[in-house]
Amino acid sequence: VYSEQSLAETISTFLNSRISITPVREALQAIAREGLVKIIPKKGVLVTSGLTLREVADMFDLRAAIETFALRKALPLMSAADVARLRASIEEQKEHVRNNDRKAFVHCDFAMHMQIMEVYRNEWMMDIIRNLRGRFFSVGLRAISTTGRACDELLAEHTEYVDAIEARDFDKAHACLLEHYGGGIESFERRTRSLENARAAGARDFSTASTEKVYPE
């Protein structure tokens, strides 16, 4: 457990400039909302160890529920320029696939889904997703690991999703969305089984891996 005071002192030493507790507290509250740390009243800050499969499934359920509602509202409002932005995102994702840049791909993935929500412009909904961005990034990056899904598979799903949006076909787009997020949960199940099998076999590379947690924070 780390105290706000000790963190402020450590940062001050690193920057060679005095940092007060206030900006440290605000930063900790921000990353606590993303689940990366847990603030324990009167004790300090604890770095979280990870998410369980149930928590990951709950995250995907939340995101699918919010995006489904936003999608239904956004489709009638979608302009040619909005569709063009989604198409541009697909092209950017293709470039990341060619470069095998998984981190850039996951960032682009998140941004594309937010573009759809931005058409409807419900700030409350967007804030919920933005506040969980750190978790979604970590989950997304692990989902496209060697034991998960490949970026080109996700790209194909995104392309089909945007095709349905351009056609203003809500039912098709909704089916694509649910399949997309459902695949993410299945990917984590495969990842967890891989970790469990590796530990059972005594694989050195996974000697410290958790069988309950699906990714380290």
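In short, a report on the structure.

What counts, and where the lines are drawn
Residues numbered from 1 in each chain as written. Predicted model: local features only at pLDDT ≥ 70, side-chain atom pairs only at ≥ 80, totals over all residues. Heavy atoms only, no water. Helix = DSSP H or I, 4+ residues; strand = E, 2+ residues; numbered from the N terminus. Expected span 1.5 Å × (residues − 1). Buried < 20%, exposed > 50% of the residue type's maximum accessible area, 1.4 Å probe, protein only. Salt bridge = Lys/Arg side-chain N within 4 Å of Asp/Glu carboxyl O. Axes fitted to C-alpha atoms, helices over the stretch in contact; angles between N-to-C directions. Parallel < 35°, antiparallel > 145°, perpendicular 65-115°, else oblique. Contact = heavy atoms within 4.5 Å. Nonpolar A, V, L, I, M, F, W, Y, C, P; charged D, E, K, R; others polar. Patch = residues over 30% accessible without salt bridge, like charges linked within 9 Å, V, L, I, M, F, W, Y side chains within 5 Å. Areas by Shrake-Rupley, 256 points an atom, 1.4 Å probe, with all protein chains shown as cover.

### Regarding helix α8 (residues 151-166)
Spanning 16 residues, α8 covers 22 Å between terminal C-alpha atoms, matching the ideal 22 Å at 1.5 Å per step. Within the sequence span of α8, burial applies to Cys151, Leu154, Leu155, Glu157, His158, Tyr161, Val162, Ala164 and Ile165. Downstream of α8 by a residue or two, arginine 168 has a phi angle that is positive, lying close to 60°.

### Looking at the pattern of salt bridges
Tallied over the full model, the rule gives 10 salt bridges. Among the ionic pairs, glutamate 118 bridges to arginine 85, the shortest N-O distance being 3.5 Å. Of this pair, glutamate 118 sits in helix α5 (residues 102-120) while arginine 85 is found in helix α4 (residues 80-98), placing the two residues 33 residues apart along the sequence. For glutamate 118, a relative accessible area of 26% corresponds to the partly exposed category. Residue arginine 98 pairs with glutamate 95 through a salt bridge whose shortest N-O separation is 2.6 Å. Taken together, the residues arginine 98 and glutamate 95, both in helix α4 and three residues apart, mark about one turn of the helix. The exposure class assigned to arginine 98 is exposed, which follows from its relative accessible area of 58%. Each of Arg121, Glu123, Asp127 and Arg130 takes part in a single network of salt bridges with overlapping partners.

### Remarks on the packing of α4 against α5
Packing of α4 against α5 brings their axes to within 9 Å, and their N-to-C directions diverge by 170°. In terms of axis orientation, α4 runs roughly antiparallel to α5. Contacts between α4 and α5 involve Asp82, Arg85, Leu86, Ser89, Ile90, Glu92, Gln93, His96 and Val97 from the first element and Ala104, Phe105, Cys108, Met112, Gln115, Ile116, Glu118 and Val119 from the second. Partitioned by chemical class, the residues of the contact of α4 with α5 number nine nonpolar, four polar and four charged.

### With respect to a nonpolar patch on the surface
Residues Ile11, Phe14 and Leu15 make up a contiguous nonpolar surface patch of about 340 Å² in total accessible area. Structurally, isoleucine 11 is set in helix α1 (residues 4-15). Classification of isoleucine 11 by relative accessible area gives partly exposed; the value is 34%.

### Focus: the packing of α4 against α8
Where α4 contacts α8, the two axes come as close as 10 Å, and the packing angle between them is 170°. When the axes of α4 and α8 are compared, the pair comes out roughly antiparallel. Taking contact as the criterion, the partners of Val83, Leu86, Arg87, Ile90, Gln93, Lys94 and Val97 in α4 are, on α8, Cys151, Asp152, Leu155, His158, Thr159, Val162, Asp163, Ile165 and Glu166. Split by residue class, the contact of α4 with α8 holds eight nonpolar, three polar and five charged.

### Notes on the side chain of histidine 158
Following the sequence through the fold, histidine 158 ends up in helix α8. Residues in contact with histidine 158, not counting those within four places in the same chain, are Ile90, Gln93, Phe105, Asp109, Met112, His113 and His180.

### Digging into the environment of valine 97
Within the secondary structure layout, valine 97 lies in helix α4. Taking relative accessible area as the criterion, valine 97 reaches 25% and is therefore assigned partly exposed. Separated by 54 residues in sequence, valine 97 and cysteine 151 have C-alpha atoms that sit 6.2 Å apart. The residues contacting valine 97, other than those within four sequence positions of it, are Phe105, Cys151, Asp152 and Leu155.

Honestly, it's all geometry; don't read function into it.
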